[in-house]
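Understanding the architecture of this molecule
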Amino acid sequence: MPTSIRATGEDKDMTFDELAQFVEDARRAGVPGDQNVREELSYSGKSNRLRSP
C-alpha cells in the first residue's frame, strides 16, 4: 500500500517530526521495513516529498 508525505511549511523543508510521522504511517499501513523509499527534490535540492512505492 503506497504511503506518501509532502513537506509542509513556508520553506517547504521537511522536519524530523514529519519524517517520523511518515514512518509511523507506513508501518501502520503494513509497508515492510526493507521497502525502498522514493524522494522528490525541489529545484533547490530540498527534500519535499517521500513515498513508498
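To be clear, the structure that these remarks concern was listed above.
A brief look at the structure comes next. (Residues numbered from 1 in each chain as written. Predicted model: local features only at pLDDT ≥ 70, side-chain atom pairs only at ≥ 80, totals over all residues. Heavy atoms only, no water.)

Here we take up the pairing of strand 2 (residues 38-41). The side chains of a regular strand alternate, first on one face of the sheet and then on the other. Inspection of the sheet shows strand 2 paired to strand 3 (residues 47-52) by four bridges, in the antiparallel sense. Bridged to Glu40 within strand 3 is Arg49. Taken together, strand 2 and the strand that follows it, strand 3, pair antiparallel across an intervening segment of five residues, in which Gly45 is found at a positive phi of about 90°. (Pairing = 2+ DSSP bridges. Helix = DSSP H or I, 4+ residues; strand = E, 2+ residues; numbered from the N terminus.)

What follows covers helix 1 (residues 16-28). Along its 13 residues, helix 1 runs 18 Å from first to last C-alpha, staying within 8% of the 18 Å computed at 1.5 Å per residue. Those residues of helix 1 that fall on the buried side of the exposure criterion are Glu18, Phe22 and Ala26. Each buried residue of helix 1 lies within a common arc of 75° when the element is viewed along its axis, so the set occupies one face. Summarising the geometry of helix 1, the exposed residues directed more than 90 degrees from the buried face are Phe16, Asp17, Arg27 and Arg28. Just downstream of helix 1, Gly30 is the residue with a positive phi angle, here 90°. (Expected span 1.5 Å × (residues − 1). Buried < 20%, exposed > 50% of the residue type's maximum accessible area, 1.4 Å probe, protein only. Arc of directions from axis to C-beta.)

In this section: the environment of Gln35. With respect to the helices and strands, the residue Gln35 is situated in the loop between helix 1 and strand 2. Look at Gln35 and you get partly exposed, because its relative accessible area is 29%. A C-alpha to C-alpha distance of 7.1 Å links Gln35 and Ser52, two positions 17 residues apart in sequence.

Honestly, it's all geometry; don't read function into it.
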